[in-house]
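A structural walkthrough
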Amino acid sequence: MFLAFSLSDIIRIPFGFILEQLYRLTSDYGFSLILFAVFVKLILLPTTVKSKKGMMAMSRLTPLSQAIQKKYGDDQQKAQAAISQLYKDEGVSPFGGCLWGLLPMLLLLPLYQVIRQPMVYMLHMSAEQAAQVVSIVKTNLPDAFGANSYYDQVVAAPYIQQFANEIKNVLPELNVAAMPVLNFRFFGIDLGQIPQWQIWKWDAYTWNNIGLLLMALASAGVNLVSMVVSQKMSGSVATNELGEKDESAAKAAAGTNKTMMLIMPIMSLWIGFTIPSALSLYWTVQGIFALIADVILTKRYRKIYDAEDAQKRAKAALLAAEEAEKERIRAQRRAENPDGIVENTSKKKRAQQQRMASEAAAKEYAAKMAALRGEAPEEGKKNAPSGDPARPYAKGRNYKADRYVSFSSDVEDDEE
């Protein structure tokens, strides 16, 4: 059989082949989808590791990024340049975690086509042959099909063996007998049907309708739990340059990721109510294994980051102890040598220090002697224009300090 080949068939055809082989192995479409989800998750495990490592690295660098933003203030150009350099030095891509995390989402598109067209990708019919088979089944069972013809292959596939003779007459080249009988039921739920959230419009409250509803809700719920656990565990590695946990940075990172944490579950819920329930089953199983892988990888990288933080804290403590010891030595030297004279002090500086010390001692001695004689200190004399604090404005070339006595001296002489 030759398909009208397109670029997306590079993924669709292998997906269809694997899903067909798993169905032949299990004879159950639901179990084959579960095994297929595990298989895809194992194939994508390297990308999952890269995504988780990138997300945790970004969370870890959040405190340093905030410090750079605070340092440069309104100069966003310098701040962005410094942050880019930080990411480059740390080997972190700011978009690496998101891009790798979107890959499982992108694989939903080819898988969706495989589920929507089981005759083409699992039973290996051409698009024209599949259309003719759908027409034959629709002619015999018109009530089985709804108004939406987009999923006609899903509806018609289980009836191929029932109308094998009619199909053989129209398409003799098809080996209908060798084709597996596709049965989309899984625990009583028809995975080929689309869930309906408007329960008041159900034709009957059967287990099939309830199961379809629960399948869509489960896909969104698992996705939400996975996002919450991932964000909580990743935020715990946010540390500053000293290796200490930064609670404010962890909260800021969590606030930034709240939007994504809400968008993904809502998108899963929308997908669950717009496409066949088979894809919801796949997405639920994939989400469960993603959660398990996330917890394991987070614990693994936390051990690595905890060891790095322990080294940072030990280094910071050592530097703090060395600085404290240096300060203690400096204080001791200042106490032992207040003049700051050391062996390598120059002779000129020593002489200057000795001269200053002698002048200070002389001033102190002169002040003491003036106080004993009842005279004004030298500083007072310098401040008086005449040099005599008692007669500060007496000026002249022939001025003599002992020519006149003070008023207090005249009074004392009169009393005598």
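Residues numbered from 1 in each chain as written. Predicted model: local features only at pLDDT ≥ 70, side-chain atom pairs only at ≥ 80, totals over all residues. Heavy atoms only, no water.

Another aspect to go through is the nonpolar core. Most often, soluble globular proteins keep nonpolar side chains buried together rather than apart. The biggest cluster of nonpolar side chains holds 58 residues, and the ones touching the most others in it are Y29, M119, M125, V133, L191, L279 and Y282. Setting aside anything within four residues of it in sequence, one finds Y282 in contact with L33, F36, A37, V40, L108 and L111. Counting residues in hydrophobic clusters, the runner-up holds 12 residues, among them L61, A82, Y301 and Y305. (Core = buried A, V, L, I, M, F, W, Y, C linked by side-chain atoms within 4.5 Å. Buried < 20%, exposed > 50% of the residue type's maximum accessible area, 1.4 Å probe, protein only. Contact = heavy atoms within 4.5 Å.)

What follows covers the packing of aromatic side chains. Scanning the entire structure with this criterion turns up 11 aromatic pairs. With 5.0 Å between their ring centres and 85 degrees between their planes, F15 and F36 make a pair best called edge-to-face. With F15 in helix α1 (residues 9-26) and F36 in helix α2 (residues 29-43), this residue pair connects regions lying 21 residues apart in the sequence. Here the two residues F15 and F36 agree in accessibility, since each one is buried. Where F36 meets Y282, the ring centres are 6.0 Å apart and the plane angle is 45 degrees; that geometry is what we call tilted. In this pair, F36 is assigned in helix α2 and Y282 in helix α15 (residues 277-336), connecting sequence segments 246 residues apart. Given the relative accessible area of 0%, F36 is considered buried. On the accessibility criterion, Y282 (2% relative accessible area) is buried. Three or more aromatic residues link up through ring pairs in this structure, and these residues are F15, F36 and Y282. Positioned above the aromatic ring of Y301 is the side chain of R300, whose terminal nitrogen or guanidinium carbon lies 5.0 Å from the ring centre. (Phe/Tyr/Trp six-rings, centres within 6.5 Å; stacked < 30°, edge-to-face > 60°. Helix = DSSP H or I, 4+ residues; strand = E, 2+ residues; numbered from the N terminus. Lys NZ or Arg CZ within 6 Å of the ring centre and 35° of its normal.)

Looking now at α2. Since there are 3.6 residues in each turn of an α-helix, residues three or four apart along the chain are aligned in direction. Taking 1.5 Å per residue as the helical rise, α2 with its 15 residues ought to reach 21 Å, and the 21 Å between its terminal C-alpha atoms agrees with that figure. Buried residues of α2: Y29, G30, S32, L33, F36, A37, V40 and K41, and no others. Of the surrounding elements, those touching the buried residues of α2 are α1, α3 (45-60), α7 (108-116), β1 (185-186) and α15. Between a side-chain oxygen at the N-terminus of α2 and the backbone nitrogen of G30 the separation is 2.9 Å; the capping residue is D28. (Expected span 1.5 Å × (residues − 1). Polar contact = N/O pair within 3.5 Å; in protein donor to acceptor, adjacent residues only side chain to side chain.)

With respect to the helices and strands, Q117 occurs in the loop between α7 and α8 (118-121). Considered as a pair, Q117 and V154 are 37 residues apart in the sequence and their alpha carbons are 6.7 Å apart.

This paragraph deals with the packing of α1 against α7. To describe two helices that pack against each other, one gives the angle between their axes and the distance between the axes. Interhelical geometry of α1 versus α7 gives an angle of 55 degrees and a closest axis separation of 9 Å. The pairing of α1 with α7 is recorded here as oblique in orientation. You can see that α1 and α7 cross each other, and the crossing is right-handed. In this structure, α1 uses I11, R12, F15, G16 and L19 to contact α7, whose residues at the interface are P110, L111, Q113 and V114. Of the residues in the contact of α1 with α7, the class split is six nonpolar, two polar and one charged. (Axes fitted to C-alpha atoms, helices over the stretch in contact; angles between N-to-C directions. Parallel < 35°, antiparallel > 145°, perpendicular 65-115°, else oblique. Left-handed = near helix turned anticlockwise from the far one by under 90°. Nonpolar A, V, L, I, M, F, W, Y, C, P; charged D, E, K, R; others polar.)

On to helix α5 (residues 76-90), then. Between the first and last C-alpha of α5 there are 21 Å, a value that for 15 residues agrees with the 21 Å anticipated at 1.5 Å per step. Within α5 the residues assigned to the buried category are A79, A82, I83, L86 and Y87. End-on, the buried residues of α5 take up no more than an arc of 140 degrees, which puts them together on one face. Residues of α5 that are exposed and point over 90 degrees away from its buried face: Q77, K88 and D89. Each element contacted by the buried residues of α5 is listed here: α3 and α4 (62-72). Just downstream of α5, G91 is the residue with a positive phi angle, here 70 degrees. (Arc of directions from axis to C-beta.)

Where α7 contacts α15, the axes come no closer than 10 Å and their chain directions differ by 140 degrees. Classified by the angle between their axes, α7 and α15 sit oblique to one another. For the pair α7 and α15, the crossing hand works out as right-handed. Residues L108, L111, Y112 and I115 of α7 form the contact with α15, whose own contacting residues are A278, L279, Y282 and W283. In the contact of α7 with α15, the residues fall into eight nonpolar, no polar and no charged.

Here we come to the confidence of the model for the protein chain. Chain-level statistics for the protein chain give a pLDDT mean of 78 and a share of 76% at 70 or above. Within the protein chain, no element has a lower average pLDDT than helix α18 (residues 407-415), which sits at 47, and none a higher one than helix α9 (residues 127-140), at 91. (pLDDT = per-residue confidence, 0-100.)

The next thing to look at is the pattern of salt bridges. Enumeration according to the criterion identifies five salt bridges in this entry. A salt bridge links E325 to R328; the nearest nitrogen and oxygen atoms lie 2.6 Å apart. Linking E325 with R328, this pair stays in helix α15, spanning three residues, or about one helical turn. Among the residues examined, E325 registers a relative accessible area of 37% and is labelled partly exposed. Where salt bridges share partners, they join E323, E327 and R330 into one cluster. (Salt bridge = Lys/Arg side-chain N within 4 Å of Asp/Glu carboxyl O.)

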